[in-house]
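# A structural walkthrough
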Amino acid sequence: MTDLSDFEISRKWPAKHADRIQLYSLPTPNGIKVSAMLEETGLPYEPHVVDFGSNDQLSPEFLSLNPNNKIPAIIDPHGPGGEPLPLWESGAILIYLAEKSGKFLPQEPARRAETLQWLMWQMGGFGPMAGQLGFFHKFAGRDYEDRRPFERYRDETKRLLGVLDRQLDGRDFIMGSDYTVADMACWPWARNLNGFYEAGEVTDFASHTNVVRWVDTCMSRPASQKAVNIPSRD
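Residues numbered from 1 in each chain as written. Predicted model: local features only at pLDDT ≥ 70, side-chain atom pairs only at ≥ 80, totals over all residues. Heavy atoms only, no water.

Ile71 connects to Pro72 through a cis peptide bond whose omega is 0 degrees. With respect to the element layout, Pro72 can be found in the loop between helix H3 (60-65) and strand E3 (73-76). Of note, the amide linkage connecting Ile230 to Pro231 takes the cis form, showing an omega dihedral of -10 degrees. For Pro231, the location among the structural elements is in the segment after helix H9 (222-227). Unusually for a residue other than glycine, Asn55 sits at a positive phi of about 55 degrees. (Helix = DSSP H or I, 4+ residues; strand = E, 2+ residues; numbered from the N terminus.)

As enumerated under the stated definition, the model contains 13 aromatic pairs in all. Arranged with centres 5.2 Å apart and planes meeting at 20 degrees, the rings of Trp121 and Phe126 form a pair that is stacked. Owing to a relative accessible area of 17%, Trp121 belongs among the buried residues under this scheme. On the accessibility criterion, Phe126 (0% relative accessible area) is buried. In textbook terms, an aromatic cluster arises when at least three aromatic residues are bridged by ring pairs, as seen for Phe135, Phe136, Tyr144 and Tyr153. Just above the ring of Phe196 sits the side chain of Lys138; from NZ or CZ to the centre is 3.9 Å. Seen from the ring of Tyr179, Arg221 lies directly overhead, with NZ or CZ sitting 3.8 Å from the centre. (Phe/Tyr/Trp six-rings, centres within 6.5 Å; stacked < 30°, edge-to-face > 60°. Buried < 20%, exposed > 50% of the residue type's maximum accessible area, 1.4 Å probe, protein only. Lys NZ or Arg CZ within 6 Å of the ring centre and 35° of its normal.)

Following this line, the structure appears as structure tokens:
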């Protein structure tokens, strides 16, 4: 029986199934990425809610796993060499789970590099820009008298949507006919723009017809439909 008691985070979120991957997350775009990957691969896991309303992400227990106080984070009780592996940063987790499962990341070197290129594009550009737009469009930033920050993130998000739309022209998914970690990284953010952030109009989301079609395709997958509610907030 695997023992995770040496991990301080287990004191706040005890593992009921210590032999499973422990997921500490919320169904935000970054959290959904990893939940979708776990559902797609079929790897056994146990989700734990990190409640931002209670500042769980700032608790000593959570910081002991992720000093950057962001979700998602995991502990794989069966990591490399059979040792438990704690891991954070959604992109790093996606790559790790792809390599562990042998799924959703091409093995051929050039295709692998191209897939990781789009994963990094999301991590370094699409996600951060969309997140900032959400802040300045829907949340506290909307009350700022200076509209230049909003306009900056709106315009950059629209530009990035255009980049993604062109990549998807004539393709089912970002890499072509195969669904990969690049799609899992990107569709939760595109969905969020047109949904929770209520930024569809300001980004001309509907005019990016390839993106609209692709989000619908990604969301039609059973794993995606489950992932948007994992971990449950109830």
